[in-house]
Amino acid sequence: INAEYGDQKPMATGSIKVGDTIPSVDLAAWDYTEDKPTKVNTTEFFKGKKVVLFSIPGAFTPLCTATHCPSFVKLAQKIKEKKVDLIAMTAVNDIFVLKAFEDFQHSKGHITMLGDGSAAFAKALGLELDLVGAGLGIRGKRYAMILDNLVVTYLGVDEGNYEKSSGEAVLAQL
């Protein structure tokens, strides 16, 4: 049970784990050259890279806005010093909301925002979260993972806090 969102219904029985390869799913990103949304495929985007990927249940929600995302903004340089090529954040929001969230967080250049508007990536990972009862629909769980050429080397999934998925927790795993 998550105090921030109330009762949650469990969704998937099998979720991604350390040693698994992430699924190939199309997400939305912001193309700064063209100043418009663009489609990116997780396999193509993350292949050959060391990636820190974290997920928030929703942009502009209390814990995500005040603490979780800022932990990665604050530690972005230290994380990248550990030979990380990319820090990315995903949420079940459209890319326009995530672009506004990026502006609000002052995270441009530190974190790449990836919109999972219909929760396809969250579902493919087995990390979706049913918040229909709270009026928020299907979301992604709060998690962080480290990927090395598409393979999960660390996965921290949180229920109601952000201890395993914080920037500090990820930095400690690098």
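For the structure itself, consult the block above.
These lines cover the structure that appears in this document, whether it is placed above or below. Everything numeric here is computed off the predicted structure, so don't read it as measured data.

Criteria and thresholds
Residues numbered from 1 in each chain as written. Predicted model: local features only at pLDDT ≥ 70, side-chain atom pairs only at ≥ 80, totals over all residues. Heavy atoms only, no water. Salt bridge = Lys/Arg side-chain N within 4 Å of Asp/Glu carboxyl O. Helix = DSSP H or I, 4+ residues; strand = E, 2+ residues; numbered from the N terminus. Buried < 20%, exposed > 50% of the residue type's maximum accessible area, 1.4 Å probe, protein only. Phe/Tyr/Trp six-rings, centres within 6.5 Å; stacked < 30°, edge-to-face > 60°. Lys NZ or Arg CZ within 6 Å of the ring centre and 35° of its normal.

It is possible for side chains bearing opposite charge to pair when their charged atoms get close. Under the criterion given, the structure shown has 5 salt bridges. Between Lys39 and Asp26 there is a salt bridge, with its nearest N and O atoms 3.8 Å apart. Residue Lys39 is located in strand β2 (residues 36–41), and its partner Asp26 is located in strand β1 (residues 26–31); the two are separated by 13 residues in the primary sequence. For Lys39, a relative accessible area of 63% puts it in the exposed group.

Tallying each qualifying case throughout the model produces 3 aromatic pairs. On the basis of an interplanar angle of 55 degrees and a centroid distance of 5.7 Å, the ring pair of Phe45 and Phe46 is categorised as tilted. The buried category is assigned to Phe46, whose relative accessible area is 1%. Centroid distance Phe54 to Phe72: 3.9 Å. Interplanar angle 5 degrees. Geometry classified as stacked. Of the two residues, Phe54 sits in strand β3 (residues 50–55) while Phe72 sits in helix α2 (residues 62–80), which places them 18 residues apart along the sequence. Here Phe54 matches Phe72 in class, with each residue buried. Cation over ring: Lys49 sits above Phe45, and NZ or CZ is 4.9 Å from the ring centre.

Just geometry here; none of it tells us what the structure is for.
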